[in-house]
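Each chain, written out:
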Amino acid sequence: MIGLKGTLNVIDNSGALLVECVNVLKQKVNNGWGSVGDEIVCVVKRARPISGQASASAAKVRQGDVRRAVIVRTRKPVRRPDGRLVRFDDNAAVLLNNKREMLGTRIGGVVSADLRMKGWGKIVSLAPKVV
């Protein structure tokens, strides 16, 4: 359950490390809370430093950028259809561009299997482990 001002780790190689949610983009269900597979608007709070010799294309995001992201892990337990509860150690997201495509090319961490049902198969296929 990610809401306003909620912080998430970024697990792709876009250059961002920590983002803060400013809006949950979905229908008016669940009163503005986002769960796994929901799209959010976020602000980059911490990003990897940009080295001098690296080109501008290498660093895709800077601190303070407003980006879209999809939630891939939450600390709040999510109930699966078979009755199991799945819960992760942290909240995590993957950054997107305005065309709903991934900003990074790799994913470094575990993602939830619920993403496949919500239409984010590309993220699931790039992830090293799916739970």
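Residues numbered from 1 in each chain as written. Predicted model: local features only at pLDDT ≥ 70, side-chain atom pairs only at ≥ 80, totals over all residues. Heavy atoms only, no water.

The name given to the protein in an unreviewed UniProt entry is Large ribosomal subunit protein uL14m, and the organism recorded there is Pycnoporus cinnabarinus. Word for word, the UniProt comment on the protein under Sequence similarities (unreviewed entry) is "Belongs to the universal ribosomal protein uL14 family." (UniProt positions renumbered as here; feature names shortened; annotations may be inferred.)

Student: Sorry if this is basic, but what is going on with the side chain of Thr74 here?
Tutor: The topology assignment puts Thr74 in the loop between strand E4 (66-73) and strand E5 (78-79). Separated by 3.1 Å, the side chain of Thr74 and the backbone oxygen of Lys76 make a polar contact. The residues contacting Thr74, other than those within four sequence positions of it, are Met1, Ile2, Val36, Arg87, Phe88, Asp90 and Asn91. (Helix = DSSP H or I, 4+ residues; strand = E, 2+ residues; numbered from the N terminus. Polar contact = N/O pair within 3.5 Å; in protein donor to acceptor, adjacent residues only side chain to side chain. Contact = heavy atoms within 4.5 Å.)

Student: It is not clear to me how the pattern of salt bridges should be interpreted in this structure. Could you clarify?
Tutor: Opposite charge on two side chains permits pairing when their charged atoms draw close. If you walk through the whole model with that rule in mind, you get seven salt bridges. We note a salt bridge from Arg67 to Asp65, for which the minimum N-O separation is 3.8 Å. One salt bridge in this structure joins Arg84 and Asp82, with 3.0 Å as the shortest N-O distance. The same class applies to Arg84 and to Asp82, which are both exposed. Taken together, the salt bridges that share partners define one network made up of Glu39, Arg68 and Arg100. (Salt bridge = Lys/Arg side-chain N within 4 Å of Asp/Glu carboxyl O. Buried < 20%, exposed > 50% of the residue type's maximum accessible area, 1.4 Å probe, protein only.)

Student: I'm lost on the environment of Glu39 in this one. Help?
Tutor: Mapping Glu39 onto the fold places it in strand E3 (residues 39-47). Ignoring any residue separated from it by four or fewer positions in sequence, one finds Glu39 in contact with Val24, Leu25, Arg68, Ala69, Val70, Leu96, Arg100 and Trp120. A polar contact of 3.3 Å, which involves the side chain of Glu39, links it to the side chain of Arg68.

Student: What is the right way to look at the state of the cysteines in this model?
Tutor: Counted according to the given criterion, the structure contains zero disulfides. Considering cysteine sulfurs only, Cys42 is the nearest to Cys21, which forms no disulfide, with 7.4 Å between them. On the basis of relative accessible area, Cys21 is assigned to the buried category, the value being 0%. (Disulfide = S-S within 2.5 Å.)

Student: Would you explain the sheet that holds E4 in this entry?
Tutor: Remark on secondary structure: sheet strands pair via backbone hydrogen bonds, oriented parallel or antiparallel. In spatial order, the strands read E1-E2-E3-E4-E7; together these five strands close into a barrel with mixed pairing. Pairs of neighbouring strands in the sheet enclose a mean axial angle of 55°, with direction left out of account. Pairing of strand E1 (residues 7-10) with strand E7 (residues 92-96), which is carried by two bridges, proceeds in the parallel orientation. Along E7, the bridge assignment pairs Val10 with Ala93. (Pairing = 2+ DSSP bridges. Axes fitted to C-alpha atoms, helices over the stretch in contact; angles between N-to-C directions.)

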